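Examining the three-dimensional arrangement
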Amino acid sequence: MEIMWIEKILLVVIVFAISLGTAAYSTLAERKVSAFLQDRIGPNRAGIFGILQPIADGVKLFFKEEIIPANADRFLFVLGPSLFMITALMTSAVIPWGKPLDLGGRMFDLQVTDINIGVLYVFAVVSIGVYGIMIGGWASNNKYSLMGALRASSQMISYELAMGLSIIALIMMSGSMSLKEIVAQQSGELYGISFLKGMNWNIFYQPLGFLIFIVCAFAECNRTPFDLPECEAELVGGYHTEYSSMKLGLYLFAEYVNMFVSSAMMASLYFGGYNVPFLEMLNLPYNVEVFVGVLAFFTKIIFFIFFFMWIRWTIPRFRYDQLMKLGWKVLIPLAILNILLTGFGMILTK
Amino acid sequence: MEQIIFIILSLAAIISALVVIFSNNPVYSVLSLVITFFSIAGHFVLLNAQFLAIVNVIVYAGAIMVLFLFVIMLLNLNKSSEPSAPLIMKVASSVAGGLLFITLLGALRQSEASAGLSGGNIGSVESLGRTLFTNFLFPFEVSSVLFLSAMIGAVMLGKKNLKDS
Amino acid sequence: MSKLKENFNDKKMTAVIILSCLGIVSMLADIFSYKKALWYIVLAGVAGAIVANLNEKSNAIIYDMLLTDNYAIWFSTLILALVLLWFMVSKDQYESGVYNSSDNYALILFATVGALILTSFSDLTMMFLGIEILSIPLFILAGSNKKDVSSNEASLKYFLAGAFASGILLFGITFIYGSTGTFKLDKIADWANAAGSNLPALFYTGILLVMVGLAFKVSAAPFHFWTPDVYQGSPMFVTAFMATIVKGAAFAGFFRLFYTSFTSASGSWALILSILIAATILTGNIIAVYQSSVKRMLAYSSIAQAGYILLTVLLSNQEAKYALLLYIASYGVSTITAFTVLYHVEKIKGTDTFESFTSLSQTHPLLSVVMTIAMLSLAGIPPTIGFFAKFYLFSSVLKSNTSYLWLIMVSVAGSLVSVYYYFRVIIAMYGQHEPIISSEKKQIPAFYNVLLLLLVCVIIILGMMPDVLMSIDNL
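Residues numbered from 1 in each chain as written. Chains lettered and ligands numbered in written order. Predicted model: local features only at pLDDT ≥ 70, side-chain atom pairs only at ≥ 80, totals over all residues. Heavy atoms only, no water.

1. So, the overall build of chain C
Convention followed: Runs of E in the DSSP output that reach at least two residues are strands. Runs of H or I that reach at least four are helices, and both are numbered from the N terminus. With the radius of gyration taken over C-alpha atoms, the globule rule is written as 2.2 Å times the number of residues to the power 0.38. Using a 1.4 Å probe on the protein chains alone, a residue whose accessible area is under 20% of its type maximum counts as buried, one over 50% counts as exposed, and one in between counts as partly exposed. Only heavy atoms matter for contacts: two residues are in contact if any of them lie within 4.5 Å across the pair. By the counting rule applied here, Lys and Arg register as positive and Asp and Glu as negative, while His and the ends of each chain are not counted. Where a charge lies is defined by one atom per residue type: Lys uses NZ, Arg uses CZ, Asp uses CG and Glu uses CD.
Scanning chain C from terminus to terminus reveals 21 helices and 2 strands. Relative to its length of 475 residues, chain C is compact, with a C-alpha radius of gyration of 22 Å against a globular reference of 23 Å. If you line up chain C on its principal axes, its C-alpha atoms span 70 × 55 × 45 Å. Per-residue burial for chain C yields a buried fraction of 64% across its 475 residues. Put simply, 79% of the contacts in chain C that link residues at least 6 apart link residues at least 24 apart. Once the 26 positive and 24 negative side-chain charges of chain C are each reduced to a mean point, those two points are 3 Å apart.

Put into structure tokens, the structure is as follows:
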């Protein structure tokens, strides 16, 4: 019993470290990717290829002067960024990072907790994340912050609907809301062809659902082309206009953590999670297979993070009414259509 | 262990519910109501009803209370501008509420859990879904009329009057 | 799959399906531009629903949730007939251009679905759903005159009071479920019979909370505070709908629940209910005397009438069913008539005070006659149906239980008070003569003249031959 607790705590610490580490290096990657896309070099002063840049940025944020506006609500002003960061980190608890490790007969689960409603858990935590932005924006006592916060929350609520509807189609097929179960089901043969083993990924059954999901994920993470909450041209800096030093750091950082987690969600819901095609043919020892699986999972995640950045530096920002129109009038009907199609498909193939 | 968690959750629920009522700042009221919902979700988890717990958080804390906060922020109700109720009203409502409380307390003290209501798995998605689509299929279908009328109502109230357009 | 089909053929509830579909048809009227024909479609649909309802297989159990016994069929028919009447008299309001008829009609039809469920439920979940389906469209309809502040206020007040009542009702239902372990009305009754006098306090508390919740919905004192403002602020025919159809359905549900499930526990709630009734009758009648607006007077009168109707719940026997059916029919027809006249008077004169009725007998003799008969019926004066309904109600209470003599005395005293304020309207119409302004001579469309005459005929003919309703067997 006790050893299980220790194992879980260890796993939590590792997952936190990885989430934060990935997020930290995403900031560097973002700058490098943008530099590449704009034919520049990007940061290269701190360490080789700028590898120490995230640390330098962190140190800078930590040592900056702490400013709390005179008319701000002090308690809520501090609560906002903390809540945003906490919710961003909490989501990773249900993601299965790999198959259970075999430690001399004892299976060590590479998932912090397998609750039978994992998908809904992620939704619940994401929906709480809105509070971080809203509280922060309101407590700053600044009209630009408030506008940014209102934009952020209405955007997140609107896109949550379409996102939930797109997942319903997936849950209809999998028959389970446990992420572990959903990922395990994707290890089978694609379309029943025995050669395509380990390729039974949901993307091949739910292409429309995935498209909706990824668009919504962009909106949920407040990333371009949907980054209206922090639209500099209109709102100075958006909901974090009044923030400085590490509290600003938390907001910016949580955004990258969110990006990491939603990439992990996309990889595990639609791209087979830790499953690697044709891996079983190699007849590797079990633990090596697990290890390869974890590596594959992270490769998928990193690809999606790159995709986030790629979009950011290619596509311009939406206008606000366009954003709402897309969410309510295009994505939600499409998601409902997807549910109908999935239902018909399931009846026909049964 | 379960007992301790239950007590902590109950205390959190009661205290935050009291803050909802006594806070002068509406934003704090809304936020403590969110905490109340979380504590209740915790109670659902203790009863092994994870689905209800999560749905409680998603629907109430994640959607409805956000809209509340939205309205309060837009109306800028951060100062307590509400006139306080006359004393007689306060006394009367305390007496009425207190009587209700005593009645409920008396009723609940005598009662024991009736048979057939406690089951290990009644809160899981599977059993909930099965009950909803077998025993409660008809209410489930009929509630679509309710939602449809709520939607029409929202659109109707949001639209302009015919004469204006 | 085939079993599902079999179920569907066997179990009908056709009226509910027709009305739901009709609601959707009316909702889409704007898109497919058949709004001009909408009124006729809706009228035909409701008439079809009445026919379907009368042909409903009797004593069918629908998904173990609804029971189409004679009570359900006849109360549904009565409510549908009132709805049909409502659609006829309210035509003018929805053609005036302020309200969008397609949305409003859709909401009314959906509310009617809730009303039908309230007459036929056999399960507490259905009762709750019925009440909600009935209430939510009306929260919105109360505020449908968007530019009018008092309409907005009505909507908000109705919503807050309604939500609060629903909360209490749900609380009560939970307690009943907690003690009995079932939602089914007949099983609750069996359970209470088996337990005999040994009923747990949880059950009593549940009954009381349910009673309070329902008392809110039927606006019995002291839970009536929302009623005057809501009735006054809402558009005229929405008020008429609330006062007749909503109230009728809520009473049908109230009676059905207490008659089926709680009669054996009546010792716990009869006294409280009788106090509630006395308070309701006194409050409604006395405050109505002091009103200057006829619409607000009708609101208080509807509170008072709720007190009389609650006597049937107190009685909870076979005879009470007839009394309830008769009373709802009488009250419904008379109130709709009164509101129709009031609508036209307000349209001509611009206000709804008692003064606006002054010398109406000279400009609009027909309207005055109709209003007089409606007022006589509400006051319970022969030869109208209102008299017979009240008479039958009071006599059946006395016949079954003489210990309620005091309550009947209160009711009769209340009725006497009510004569005062109902006659104020009549006296204003006939007693005072004032110079007539030419703009006030505007006549109402012929269609309404015919309709109002028809309503008067119904009130008087039913008053002379109430046997039509009494001859239904085995209600």
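2. A look at the interface of chain B and chain C
Short version of the rule: By buried area we mean the combined loss of accessible area, with a 1.4 Å probe, across both parts when two parts are placed together. Any Lys or Arg side-chain nitrogen found within 4 Å of a carboxyl oxygen on Asp or Glu counts as a salt bridge.
Residue-level contacts link 31 residues of chain B with 45 residues of chain C. Counting the surface lost from both chain B and chain C, the interface buries some 3200 Å², and carbon and sulfur atoms represent 77% of this. Linking chain B with chain C are 1 salt bridge, by the criterion used here. Here Asp103(C) makes a salt bridge to Lys159(B), at a shortest N to O gap of 3.0 Å. Only helix 4 (87–110) and helix 6 (137–158) of chain B provide two or more residues apiece to the side of chain B that touches chain C. Per element, the largest residue contribution to the side of chain B that touches chain C is 14 residues, and it comes from helix 6 of chain B.

3. A look at the state of the cysteines
All names here are of chain A. Rules: The rule for a disulfide is simple: a pair of cysteine sulfur atoms within 2.5 Å.
Following the criterion strictly, the structure yields 0 disulfides over all chains and no others. The closest cysteine sulfur to the non-disulfide-bonded Cys216 is located on Cys221, 11 Å from its own sulfur. Cys216 sits in the buried class, given a relative accessible area of 0%.

4. Considerations on the interface of chain A and chain B
For clarity, the cut-off: Under the rule applied, a polar contact is a pair of N or O atoms within 3.5 Å (in protein, one hydrogen donor and one hydrogen acceptor; residues adjacent in sequence only if both atoms are side-chain atoms). Residues are sorted three ways: Asp, Glu, Lys and Arg are charged, Ala, Val, Leu, Ile, Met, Phe, Trp, Tyr, Cys and Pro are nonpolar, and all the rest, Gly among them, are polar.
Contacts between the two partners involve 22 residues from chain A, matched on the other side by 22 residues from chain B. Connecting chain A to chain B are 0 salt bridges. Summed over the shared surface of chain A and chain B, the number is 2 residue pairs in polar contact (both at pLDDT 80 or more). For the side of chain A that touches chain B, the elements supplying multiple residues, two or more each, are helix 3 (74–90), helix 4 (118–139) and helix 5 (143–174) of chain A. Partitioning the side of chain A that touches chain B into residue classes produces 17 nonpolar, 4 polar and 1 charged.

5. Quick word on the confidence of the model for chain C
Applied cut-off: Per-residue confidence from the predictor is reported as pLDDT, a score between 0 and 100.
With 97% of its residues at a pLDDT of at least 70, chain C reaches an overall mean of 88. Both scores are given for the predicted complex: the pTM is 0.88, the ipTM 0.88.

6. So, the packing of helix 7 (residues 207–220) of chain A against helix 10 (residues 286–312) of chain A
Residues and elements named next belong to chain A. Note the cut-off: Here, axes are lines fitted to C-alpha atoms. For helices the fit covers the stretch in contact, and angles between N-to-C directions go from 0 to 180 degrees. By definition in this entry, angles of less than 35 degrees are roughly parallel, angles greater than 145 are roughly antiparallel, angles of 65 to 115 are roughly perpendicular, and the rest are oblique. Should the near helix be turned anticlockwise from the far one by less than a right angle, the crossing is termed left-handed; should it be turned clockwise, right-handed.
Direction vectors running N to C along helix 7 and helix 10 enclose 70°, while the axes themselves pass 12 Å from each other. For the element pair helix 7 / helix 10, the angle class is roughly perpendicular. As helix 7 runs across helix 10, the sense of the crossing is right-handed. Across from Phe210, Ile214, Ala217 and Phe218 in helix 7, the residues of helix 10 making contact are Phe304, Phe307, Phe308 and Ile311. By residue class, the composition of the contact of helix 7 with helix 10 is 8 nonpolar, no polar and no charged.

7. Here we look at the confidence of the model for chain A
Confidence in the prediction for chain A averages 84 pLDDT; 99% of positions are at 70 or higher. Looking across chain A, the model is least confident in helix 8 (residues 232–235) of chain A, with a mean pLDDT of 68, and most confident in helix 7 of chain A, with 90.

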